[in-house]
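Here's the letter readout for the chains.
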Amino acid sequence: MTDVLVVGSGFFGLTVAEQLANDPGLKVHVIDRRSHLGGNAYSEAEPTTGIEVHRYGAHLFHTSNERVWDYVNRFTTFTGYRHHVYSTYRGEVFPLPINLGTINQFTRSAMGPDEARAWVAAQAGAALSGGSAAAQNLEEKAISLIGRPLYEAFIKGYTAKQWQTNPTELSADIITRLPVRYTYDNRYFNDRYEGLPTDGYTAWLERMADHPNITIGLDTDFFDASQPYNKSATVGRLPIVYTGPLDRYFDHAHGPLGWRTLDFESEVLPIGDFQGTPVMNYADTDIPYTRIHEFRHFHPERDYPSDATVIMREFSRFANAGTDDEPYYPVNTSDDRTALKAYRELAEQESQVHFGGRLGTYQYLDMHMAIASALSMVDNVLRPGLVRG
Ligand SMILES: O=c1ccn([C@@H]2O[C@H](COP(=O)(O)OP(=O)(O)O[C@H]3O[C@H](CO)[C@H](O)[C@H](O)[C@H]3O)[C@@H](O)[C@H]2O)c(=O)[nH]1
């Protein structure tokens, strides 16, 4: 007998399942539409080279949350990997995120931190008088932080390719994900803890699911009425944690929410190294992809072949509702926020259904944020409700 149904086996769903299975010892059934668990964090060995490939785009784990770090270390150890990204712009390679090295290379100068700050402030001031706090959208925020020339080189074209939405319509939060530094430190993340799972994402995810109280149904679509754990057979009958797209749950009753999807083109090349770094972004709009991942560089400690490498070009576009397009990122324009409010009202009325994760809440959550919010849903909503019930 199942006590709780979890729809979706990504980090959010597996964290909820693992926590409820352990304490208070509930029987949890997890279903996933795909033929593997792990959601978009799933990875697999490319068969000819053995190189671990992140099928749904590169996943880099980082957090400053002690509780999350302790929790994830129960299932995997981490390598000492530190993420660095470079960007190719007009035939030249620059370090990201924007730092003193980027600014000096871009301006062909040798400024110190204060001079660089003054230069950026002058560029930003010429464009915006209200300062960073007054910036309402991605474009204003970016210009207030780095000035117009750097914005036009590294952000404008890349963002146009990635979001296909006018940057004045996008949330300022998207750009504040990236630090701006007046030092030569080009670590991509600021977090205290960072690393990649030593034996891969799939081994980590499988260990989370490996519990006598957890059963998994793969290739099982919640919206397929022919399988027993479908929506109409289960809603109102047992507690459900739903991590699929919020608008899909309600049959797009308030219209589709805007989602961005990704297309990937992978290639195995007969060379030991293609680009010398894990991720190369492409800022120019005449290059159709946003970035190229080269997976061997995520695990320099592994014994990968020296005469082959796997690269993956990433393309970004709108997901079309009602097709097989996988929703990855909420676009979150003002129209989306209006529809989202209506969906959230519907979600509150849904008996015993709890919406979580990136897709279920329409929020741009990183892995550590999805895990943190799953832990707090278990603490604050599920455990008290299930024990009382
Ligand atoms: O060269 C760049 C890089 C980023 N951005 C803007 O900054 C935003 C945020 O950048 P992120 O790198 O956080 O964007 P992604 O979500 O695509 O990043 C994903 O890939 C990154 C690694 O390269 C990190 O792993 C990150 O956590 C993961 O969500 C982008 O949407 C884009 O609008 C640019 O304009 N130019």
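Residues numbered from 1 in each chain as written. Predicted model: local features only at pLDDT ≥ 70, side-chain atom pairs only at ≥ 80, totals over all residues. Heavy atoms only, no water.

### Topic: the domain arrangement of the protein chain
- The domain boundaries assigned to the protein chain delineate domain 1 (4–78 + 193–256 + 330–387) and domain 2 (99–174).
- Tallying the contact residues gives six residues for domain 1 and four residues for domain 2.
- Carbon and sulfur atoms make up 59% of the area that domain 1 and domain 2 hide from each other, which totals about 460 Å².
- It is Val331, Thr333 and Tyr364 that lose the most area in domain 1 upon contact with domain 2, and together they represent 69% of the buried surface on that side.
- Remark: the boundary between domain 1 and domain 2 carries zero salt bridges.
- Where domain 1 packs against domain 2, one counts zero residue pairs in polar contact (both at pLDDT 80 or more).
- Here the side of domain 1 that touches domain 2 is composed, by residue class, of three nonpolar, three polar and no charged. (Domains from an automatic or database assignment. Contact = heavy atoms within 4.5 Å. Buried area = accessible area lost by both parts, 1.4 Å probe. Salt bridge = Lys/Arg side-chain N within 4 Å of Asp/Glu carboxyl O. Polar contact = N/O pair within 3.5 Å; in protein donor to acceptor, adjacent residues only side chain to side chain. Nonpolar A, V, L, I, M, F, W, Y, C, P; charged D, E, K, R; others polar.)

### Quick look at the site of the ligand
- In the vicinity of the ligand lie 21 residues, with Thr159, Gln162, Trp163, Tyr188 and Tyr364 positioned nearest.
- Residue Gln162 places a side-chain N or O atom 2.6 Å away from an oxygen atom belonging to the ligand.
- Asn281 places a side-chain nitrogen or oxygen 2.9 Å from an oxygen atom of the ligand.
- Surface burial for the ligand is 96%, taken as the share of its 670 Å² of free accessible area covered by protein chains. (Near = heavy atom within 4 Å. Areas by Shrake-Rupley, 256 points an atom, 1.4 Å probe, with all protein chains shown as cover.)

### A word on the nonpolar core
- Core analysis: the largest hydrophobic core is formed by 84 residues, its most contacted members being Phe11, Phe61, Val72, Tyr201, Trp204 and Ile371.
- Among the elements that take part in this core, helix H7 (residues 148–163) stands out by supplying six residues, more than any other.
- Counting the residues that make up this core, at least three belong to each of domain 1 (4–78 + 193–256 + 330–387) and domain 2 (99–174).
- One finds Val4, Val6, Val28 and Val241 within the second-largest nonpolar core, a separate group that totals 16 residues. (Core = buried A, V, L, I, M, F, W, Y, C linked by side-chain atoms within 4.5 Å. Buried < 20%, exposed > 50% of the residue type's maximum accessible area, 1.4 Å probe, protein only. Helix = DSSP H or I, 4+ residues; strand = E, 2+ residues; numbered from the N terminus.)

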